[in-house]
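Residue-level structural notes
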Amino acid sequence: MKILIKNTQNSITKSSQLSAFEGHLFDWFPGETIYGLLSRHHQSRGHIEAVDTIKRFFGTDNGASLHENLSSLDVFVRKTGGRLGTPKSILVEHTLLRFYRSFMSERETLLLGSARPRAETVLKFPLNLWRGGFSGLHPHKACPECVENDLENFGVAYWHLVHQYPGVWVCLHHGRGLLSASMTAKGRQRFMWATPGAEEFLEAPTHLAGQANLSNFVWLGELITSKLVSDSGRVLVETTRARFRKRLHEGGKLTPTHKLRSPDNSEIANICKRFLTFVENYRGAPEFASMPDTVLSAHRLLSRYVNGKSRLKTLEHLLLCAWEIGESGRL
Ligand SMILES: [Zn+2]
């Protein structure tokens, strides 16, 4: 007896996956994320399932490419006839790639160009489509004044890429704090689509309360958006770490095997404490909540930063780099 298994993707073939996008295709708004563009399409169609939007743009229910030699983003570009750009231009201009690539090794950046990374990897990172990116690390953020302006100018508010980079909590254009979207993905829901004008925001985050906190985040936001996400961001990140090591070396703070000396040494303990003081300025932001909070844990992280071989988490690396840039000359 033949058993029929219901599979919604049964009817999708390799060639039908690449069939042209149907309906009116919106163009990008200035500095819009790919998540934002898809959310606008979703909202404009009224009450349809979240999965229908991913299917329209990627041809399958889960966004996976059925083609050995095409990534999900390649499929997206084929379906939209290249009208929204090339895979590379979309990655660089409309995703978080600009931020993350500055902290990637050369080998890791090469992997991004590989023919067929897993669909889930591409959609989660760097496209940030999987579960809408509404996680602690990547809350969707917006500036209320930009939302007002967008509604006035475009009739709809959208997600600005410059506000979505980790560590960016201020709108530098309006000099005010960003608010994060309040919704969270429920259960096993893979995709959810929202535009800032139609969704609620959480109350103003406490880590931005007061002028001193706001100023700290303005400084960090400027560093990220003007330097770290620029084309020379990776060079800056690398030279900053090299400079830190050089100064420690010249100050006799490294062992003969080039490791950071023990925190029993008071000068080393002081360096750790200065780093902790810096981290305290930012710990209130969800992405920095698990940064070191003791001299010993700070020493462990600084040791990894110095040795240059251990893998650092991107957000750890971001604060280490920002601290060194702010502190240079003080060691
Ligand atoms: Zn703004």
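Note that the structure is a prediction, hence the values are computed from the model and not measured.

Looking at the environment of Ala-212
- Locating Ala-212 in the fold gives a position in helix H11 (residues 211–228).
- Taking relative accessible area as the criterion, Ala-212 reaches 55% and is therefore assigned exposed.
- Distance in space between the C-alpha atoms of Ala-212 and Asn-281 is 9.0 Å, their sequence separation being 69 residues.

Some remarks on the coordination of the zinc ion
- Bound to the zinc ion are the protein donor atoms Cys-143 (SG), Cys-146 (SG), Cys-171 (SG) and His-174 (ND1), situated 2.1 to 2.3 Å from the metal.
- In this structure, the zinc ion is coordinated by 4 donor atoms arranged in tetrahedral fashion, with angles at the metal of 107 to 113°.
- Mapped onto the sequence, the residues coordinating the zinc ion show the spacing C-x2-C-x24-C-x2-H. Placement of Cys-143 in the loop between strand S1 (141–142) and helix H9 (144–154) and of Cys-171 in strand S2 (residues 170–171) is noted, with a sequence separation of 28 residues between them.
- Cys-143 sits in the buried class, given a relative accessible area of 1%.

Remarks on the side chain of Ser-65
- Position of Ser-65 relative to the elements: it lies in the loop between helix H3 (50–58) and helix H4 (72–79).
- Here Ser-65 falls in the buried class, since its relative accessible area comes to 5%.

Quick notes on the packing of aromatic side chains
- The tally for this structure, following the rule as stated, stands at 18 aromatic pairs.
- With 4.3 Å between their ring centres and 35° between their planes, Phe-29 and Phe-154 make a pair best called tilted. One end of the pair, Phe-29, is in the loop between helix H1 (14–17) and helix H2 (34–44); the other, Phe-154, is in helix H9, with 125 residues separating them in the sequence.
- Taking the relative accessible area as the measure of exposure, Phe-29 reaches 14% and is therefore buried.
- Where Phe-99 meets Tyr-165, the ring centres are 6.2 Å apart and the plane angle is 25°; that geometry is what we call stacked. In this pair, Phe-99 is assigned in helix H6 (residues 97–101) and Tyr-165 in the loop between helix H10 (161–164) and S2, connecting sequence segments 66 residues apart.

Re the packing of H4 against helix H5 (residues 87–94)
- The interhelical angle for the contact between H4 and H5, taken along N-to-C directions, is 110°, at an axis separation of 9 Å. When the axes of H4 and H5 are compared, the pair comes out roughly perpendicular. Of the residues in H5, those touching H4 at Leu-73, Asp-74, Phe-76 and Val-77 are Pro-87, Ile-90 and Leu-91.
- Here the residues of the contact of H4 with H5 sort into 6 nonpolar, no polar and 1 charged.

A look at H11
- Look at H11: 24 Å from first C-alpha to last across 18 residues, which is about the 26 Å you get at 1.5 Å a residue.
- Burial in H11 covers these residues: Leu-214, Phe-217, Leu-220, Gly-221, Leu-223, Ile-224 and Leu-228.
- For H11, the elements touching its buried residues are H6, S2, strand S3 (176–177), helix H12 (233–250) and helix H15 (314–327).

Digging into the nonpolar core
- Ranked by size, the top nonpolar core spans 51 residues in total, and within it Phe-99, Ile-224, Phe-275, Phe-288 and Leu-302 carry the most contacts.
- Listing elements by their share of this core, those giving two or more residues are H6, S2, H11, H12, helix H13 (266–280), helix H14 (295–307) and H15.
- Split by domain, the residues of this core number at least three in each of domain 1 (26–208) and domain 2 (232–328).
- When neighbours within four sequence positions are excluded, Phe-288 is seen to be in contact with Gly-167, Leu-220, Tyr-282, Arg-283, Leu-315, Leu-318 and Leu-319.
- Core analysis: the second largest hydrophobic core is formed by 36 residues, Ile-54, Phe-57, Ala-181 and Met-192 among them.

Some thoughts on the packing of H13 against H15
- Here H13 crosses H15 at 110°, and the two axes come no closer than 10 Å. In this view, H13 runs roughly perpendicular relative to H15, as classed from their interaxial angle. Contact residues: Ile-271, Arg-274, Phe-275, Phe-278 and Val-279 in H13; Leu-319, Leu-320, Ala-322, Trp-323 and Glu-327 in H15.
- Looking at side-chain class alone, the contact of H13 with H15 contains 8 nonpolar, no polar and 2 charged residues.

Concerning unusual backbone geometry
- One non-glycine residue, Asn-128, lies in positive phi territory at about 65°.
- Assignment of secondary structure puts Asn-128 in the loop between helix H8 (119–124) and S1.
- In this structure, His-258 takes a positive phi of about 65° despite not being glycine.
- In this structure, His-258 sits in the loop between H12 and H13.

As for the environment of Ile-325
- Positionally, Ile-325 belongs in helix H15.
- Separated by 102 residues in the primary sequence, Ile-325 and Leu-223 place their C-alpha atoms 9.3 Å from one another.
- Ignoring sequence-local partners within four residues, the contact set of Ile-325 consists of Leu-223, Leu-236, Thr-240 and Arg-243.

So, how was this worked out
- Numbering of residues starts from 1 in every chain and runs along the sequence as written.
- Local features in this predicted model are restricted to residues of pLDDT 70 or higher, and side-chain atom pairs are both shown and tallied only at a pLDDT of 80 or more, whereas totals for entire chains, interfaces and linings draw on every residue.
- No hydrogens and no water enter the side-chain calculation; it runs on all heavy atoms of the structure.
- Runs of H or I in DSSP of at least four residues are treated as helices and runs of E of at least two as strands, each being numbered from the N terminus.
- With a 1.4 Å probe rolled over the protein chains alone, any residue whose accessible area is under 20% of its type maximum counts as buried; one over 50% counts as exposed, and the rest are partly exposed.
- Note that water is not among the atoms considered, so a metal site may appear incomplete; the donors listed are N, O and S atoms within 2.8 Å of the metal, with 3.2 Å applied to Na, K and Ca.
- Irregular is the default label, applied whenever a site is not tetrahedral (four donors, all angles between 85 and 135 degrees) and neither square planar nor octahedral (four or six donors, opposite donors over 155 degrees apart, all other angles between 65 and 115).
- Two rings from Phe, Tyr or Trp (for Trp, the six-membered ring) form a pair when their centres are within 6.5 Å of each other. A pair whose planes differ by under 30 degrees is stacked, one over 60 is edge-to-face, and the rest are tilted.
- Inter-axis angles, ranging from 0 to 180 degrees, are taken between N-to-C directions of lines fitted to C-alpha atoms, where helices are fitted over the stretch in contact.
- Should an angle fall under 35 degrees it is called roughly parallel, over 145 degrees roughly antiparallel, and 65 to 115 degrees roughly perpendicular, with every other angle called oblique.
- Note on definitions: a residue-residue contact is assigned when non-hydrogen atoms from the two residues lie within 4.5 Å.
- Amino acids outside the nonpolar list (Ala, Val, Leu, Ile, Met, Phe, Trp, Tyr, Cys, Pro) and the charged list (Asp, Glu, Lys, Arg) are all regarded as polar, and Gly is one of them.
- Every helix has an expected span of 1.5 Å times one less than the residues it contains.
- Side-chain atoms within 4.5 Å are what join buried Ala, Val, Leu, Ile, Met, Phe, Trp, Tyr and Cys residues into a set we call a nonpolar core.
- Just so you know, the domain bounds were taken from an automatic or database domain assignment.

Keep in mind these numbers describe shape, not what the thing actually does.
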